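Observations on the three-dimensional arrangement
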Amino acid sequence: MIRCIDVRKVYRQGQNEITALAGITLDITKGEFTVIMGPSGSGKSTLLHLIGGLDRPTSGDVLVDQRLISQMADDQVTLFRRTKIGFVFQFFNLLPTLTALENVTLPLVLDGRAKAEADQKSEFLLAKVGLEQRKNHLPEELSGGEIQRIAIARALAFNPPILLADEPTGNLDSKTGESVLALLRQINRDDGCTVVIVTHSREAACHGDRKIFLRDGSVEKDGC
Amino acid sequence: MFRLLQTLSWRHVRRHQLRTALTFLGIALGVAVIVAIAMVNRSLTSSFQSTIEQIAGKAVLQVANGESGINESLFSVIRDTPGVQDAAAAVEGFLPVSGKRGERLYVYGVDLLTDFAIRDHQFAGSGFAFDQALDFIAQPDSVALTESFARRLHLPIGAQITLATARGKQNYTVRALLKEEGTARVFGGNFALMDLPAAQRSFGKEGKLDIIDLTVEEGAKIETVQQRLKSRLAGAAEVERPKKRGEQIESLLISFRVGLFFVSLIALFVGFFLIYNTVSVSVIQRRREIGTLRCLGMRRGELLRLILAEALILAVIGSLAGSLFGWLLAQAALVAVGQTVADLFTVVDLAAGSFTLKELGLALVSGIAVTVFAALHPAWEAIHVSPLESARQTAWRPRSRARRSWATALAIFCFLLSPTLIFLSPSLQGPVEKFSVGVIGMLVFLLVLAFLCPLVINYGVKWFWQSAVQLPGHSWVEARLASDSLRRNPARSGITVATLVISLAAIFTIAAFVNSVRGSLLAWVDQMVTADLIVSSGARTAGPRNVPLTEEPSPNFRHLPGVKIVDLYRLIRSTYQGKPILIESFSARESASVRNLPMAAGDGKRALREMGEGKGVIISESFQSRFSKNANEVVELSTPSGSIAFKILGVYVDYSSDAGSVLIDRASYKKYWRDELVDAFDLWLEPGADQAAVIKRIKDDYGEKYQLFISTHRELKDAVVRIMEQSFVVNYAVEIVAVVVAIFSVINTLLASILDRIREIGVLRAIGATQAQVRRIVVLEAGWMGFLGGLLGLFAGTIMAYHHVVYNTKFLTGWTFQFYYPYGVAILSLVASVVLCLMAGYGPAKQAAARPIVTAIGYE
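Here the structure is a predicted model, which means the values were calculated and not measured.

So, about the packing of aromatic side chains. Residues and elements named next belong to chain B. All told, the structure shown has 27 aromatic pairs over all chains when counted by the stated rule. Ring plane angle 50° and centroid distance 4.7 Å describe the contact between F623 and F627, whose orientation is recorded as tilted. Of the two residues, F623 and F627 both sit in helix α21 (residues 621-627), four residues apart, roughly one turn of that helix. Considered together, F623 and F627 belong to a single accessibility category, that of buried residues. Between Y802 and F819, the aromatic rings sit 5.2 Å apart at their centres with planes inclined by 85°, giving edge-to-face as the arrangement. With Y802 in helix α27 (residues 771-813) and F819 in the loop between α27 and α28 (823-850), this residue pair connects regions lying 17 residues apart in the sequence. Members of the aromatic cluster, joined through ring pairs, are F508, Y802, Y807, F819, Y821 and Y823. In this arrangement the basic side chain of K205 is found over the ring face of F203, its NZ or CZ atom lying 5.5 Å from the centre.

All names here are of chain B. Summing up the model confidence of chain B, the mean pLDDT is 83 and the portion of residues at 70 or higher is 92%. In this model, residues 393-403 is a region of pLDDT below 50 whose contacts with residues beyond four sequence positions or in other chains number 27 contacts. Note on the complex model: pTM 0.79, ipTM 0.82.

The next subject is helix α1 (residues 44-51) of chain A. With eight of eight residues buried, α1 of chain A lies mostly within the body of the structure. Of the residues making up α1 of chain A, those classed as buried are K44, S45, T46, L47, L48, H49, L50 and I51 of chain A.

Moving on, we get to unusual backbone geometry. Comment: phi is negative for the bulk of residues other than glycine, and the bulk of peptide bonds are trans. Unusually for a residue other than glycine, D216 of chain A sits at a positive phi of about 50°. Mapped onto the elements of the fold, D216 of chain A is located in the loop between β9 (210-215) and β10 (218-223). The phi dihedral of H154 of chain B is positive, around 55°, even though this residue is not glycine. In this fold, H154 of chain B is placed in the loop between α6 (147-152) and β6 (160-165).

With that settled, the discussion passes to the sheet that holds β6 of chain B. Residue and element names in this part refer to chain B. In space, the nine strands of this open sheet follow the order β6-β7-β5-β8-β4-β3-β10-β1-β11, with mixed pairing throughout. Because the sheet does not close on itself, it has two edges, and the strands there are β6 and β11 (238-240). Ignoring which end each strand starts from, the neighbouring axes of this sheet average 35° apart. The strands touched by helix α7 (residues 196-203) are β3 (84-96), β4 (104-110), β6, β7 (168-178) and β8 (191-195); relative to β3, the strand with the most contacts, the crossing angle is about 40°. Along the sheet, helix α8 (residues 222-233) makes contact with β1 (61-64), β3, β10 (211-216) and β11, crossing β11 at roughly 175°.

Here we take up the interface of chain A and chain B. Of the residues lining the interface, 29 residues belong to chain A; the matching set on chain B comes to 26 residues. Both faces combined, the contact of chain A with chain B buries some 2800 Å², and carbon together with sulfur accounts for 67% of it. Taken together, chain A and chain B are joined by two salt bridges. The residue R765 of chain B makes a salt bridge to D74 of chain A at a minimum N-O spacing of 2.9 Å. Connecting chain A to chain B are nine residue pairs in polar contact (both at pLDDT 80 or more). Those elements that place two or more of their residues in the side of chain A that touches chain B are α1, α2 (74-84) and α3 (100-110) of chain A. Partitioned by chemical class, the residues of the side of chain A that touches chain B number twelve nonpolar, seven polar and ten charged.

What counts and what doesn't
- Residues numbered from 1 in each chain as written.
- Chains lettered and ligands numbered in written order.
- Predicted model: local features only at pLDDT ≥ 70, side-chain atom pairs only at ≥ 80, totals over all residues.
- Heavy atoms only, no water.
- Phe/Tyr/Trp six-rings, centres within 6.5 Å; stacked < 30°, edge-to-face > 60°.
- Helix = DSSP H or I, 4+ residues; strand = E, 2+ residues; numbered from the N terminus.
- Buried < 20%, exposed > 50% of the residue type's maximum accessible area, 1.4 Å probe, protein only.
- Lys NZ or Arg CZ within 6 Å of the ring centre and 35° of its normal.
- pLDDT = per-residue confidence, 0-100.
- Contact = heavy atoms within 4.5 Å.
- Pairing = 2+ DSSP bridges.
- Axes fitted to C-alpha atoms, helices over the stretch in contact; angles between N-to-C directions.
- Buried area = accessible area lost by both parts, 1.4 Å probe.
- Salt bridge = Lys/Arg side-chain N within 4 Å of Asp/Glu carboxyl O.
- Polar contact = N/O pair within 3.5 Å; in protein donor to acceptor, adjacent residues only side chain to side chain.
- Nonpolar A, V, L, I, M, F, W, Y, C, P; charged D, E, K, R; others polar.

Pasting the structure below:
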């Protein structure tokens, strides 16, 4: 499902070069729940961004669902990302002036779907994450856990085969975080969605079928 | 403080050069316009004084009677008045140089044998002794030119020069050259000296003098001699100090100069909002930095002083640059203004000269005051930034509710102040005071709308959104996010929309005013000038540029095939109660049947008939307003025959001058003013007559002799419009400034708005919004601002324009203009506002969309 072939990412800051990823090769199969871990600066978020098409590698290839996304034009990868990849961030997930329902419909609306169709699908997704009663609330009226759940609902708008989450519980207390992770696990099991999360948390890591440890831009350990 | 300015402020400036440039531009533009107009106004006032002083020489008193002239027989009365030491008479005026397009000579005709007591004419070469003077006088075609003029036109001593005079083209011989000193310096060296009788013949003023300059005996009091002369002349002429004459001419231009001054205020007003905008954005951009400084222990007072110091430094540099730019602008403006003044009022020797300390002071004070005032509120906001800002990770700022309350409170205050000023203005003394307070009242009204912009944005945009109007080609979320972004920070969006409102209102007011003036003027010309052909010399319109002719061609015109009626029109400058007025005359007996006098009060036909019977005069609206005279009252006019009382038969509409005009029948005019000159021959043709044939005949018969302009009714109208348009050149320049400033404000606000929601845009892109979709959101935001600003600006401009055209202009000039609403400009303004804003939004939109997603989200 996801393949990285000798992927490197180098950032330039003035005269300095920072190697975020020093040549990573890995495969993630369909339906896996993979956890990427590592200390700060290990390159785990960078790797997630490259898999999600948010950034391009300096060298190497990234294939998602057999599509070479590292070579796609911006519009092409955007459209691919819209329907094939769901994203959940640590914070700033929801647009602050839209209601929960409107936030969930956003990817569908961006794709030009009719409002009625988008609303119906979104209500279904909100019910799936247990928040249909909060559909008309603004983000400022929601708790952190609720925001993350709605972000997950939005990520599932197109039933994507892949769901990427960057520190999804980083901003939450342990109990709320646990419930979010449980939701992700449920989605992975019930829908067969390939889930890749980046986390510092050992508790979060326990949910994963596979754990990939990064250090200094390289895979230190890859296993269950 | 200096260290902080060096490390923090300077680096911020270097990093955000565009924003700094915009602030700088706002200051420089506003200051440049203020300085340019101040220089033009100074040049206008000083040029008259300088010209008059140079020509007056040693004279301490001058006897004059406008263009009416003084009867030559009074010279000996004046000269022999006790206390008068020397008296020198002169005849003066401009004469076009034949064969040299655009060249005019200021001809000064004096008695060379006596004039040296008053004036110092410096002749080039070995001097101008008594014998040479006699020789000069003995030849009636003698003329002395300045060295520079003679050099420029290749006219050495002995050469011939042809001038267009009252008797047609006349040849003169250059018999002396003048150094450019003393009197010869006036009008850039376009000065010529003639013997008095020769000049009288050239101007058709035989038996008349334009001015008599006097010195008084040592020990005599000037005021006493002045009184003595006034009582001896009994109203036949005015006796004034030379400076007072200059002031009289200056007073002709008061309305023009006041108008220019207020136009310059608009530029400063608009510049203020740009500066406020850019400084606000700078504070937003540095929020984290400010939070860090506060965290590290910087006190609020220190932060306030830092931000104001930054503004002050920028203000000083911007003001200095504005001064320089203003000087350059003044050179261009002087050409336009000089042309306008020469067409409408009097030929003037304009030169900006060097920059004065006063103007530099004005530049610095206005630039610094506006900048610091504009920076106050953003600085106040900055000092209330929390120290936690440095650690804050929120992607968005909560909507600023508190800020709206001060804006609304100010709007209410201005809403109460504006009508108070507007209703107060008519009761003030003096046209300038009435006009000024009226204009300030309107500007305060504009501020009402400006302060209401945050509310309008919040509710107007919300209403539009909730009415679920679908924008073609856009999904609801793009329109929704665009409007949400505006409403999120109504204060910031409000300032930008306010800038658009002010710019558009200023543009529309000027456009509506010009349209109304043009419409009124053209309607007036149609009514006032019914002649088929107008024949004049020197210029197409009667005024400072044309050359009055004798009546000689008149009988021949009458006998031309196809000509039905010939009337003789004359326009002279005179004075009334020490202020300049115009005296206009034509033969009502001849042309009453074909004339249609536009009246403000009274019956035009009856008034013309009675005027033709010599029963009185008709005054203009400006005269009525300026001197509080009405129909059926009496007005005493100073003529070469003495002071004469005339009954006022009615009040007519006259846009030829805001100084005030008196219309009198030509027979009465010739009788009392003893003047037979003609400024224009008005010809009415028989129905079906061949106009082209008549024109050809006139050219064939008189084209060689006279420098004629033969205008059709249409051509005259075009000339009038051209002169009018020329007078608004400075206004148009300010309009351009207003548009430029408005566009920069939009760009600035959008950049700030994008800064505020970088992460939001990043998330949008991450979940699948294309760059085009993000661009559309930002461009739509700009479009919203353009639409709201355009609509409100149009509303404000309509009200301001109406008040300005119908009331304010009347206070200043006495003129009543009809309000002609420029529908085309209104629609164009609204469309242009939206289109320009959309275009302005494209750059920031592209920037927002192209930002790398990862950077936008803000990961390391």
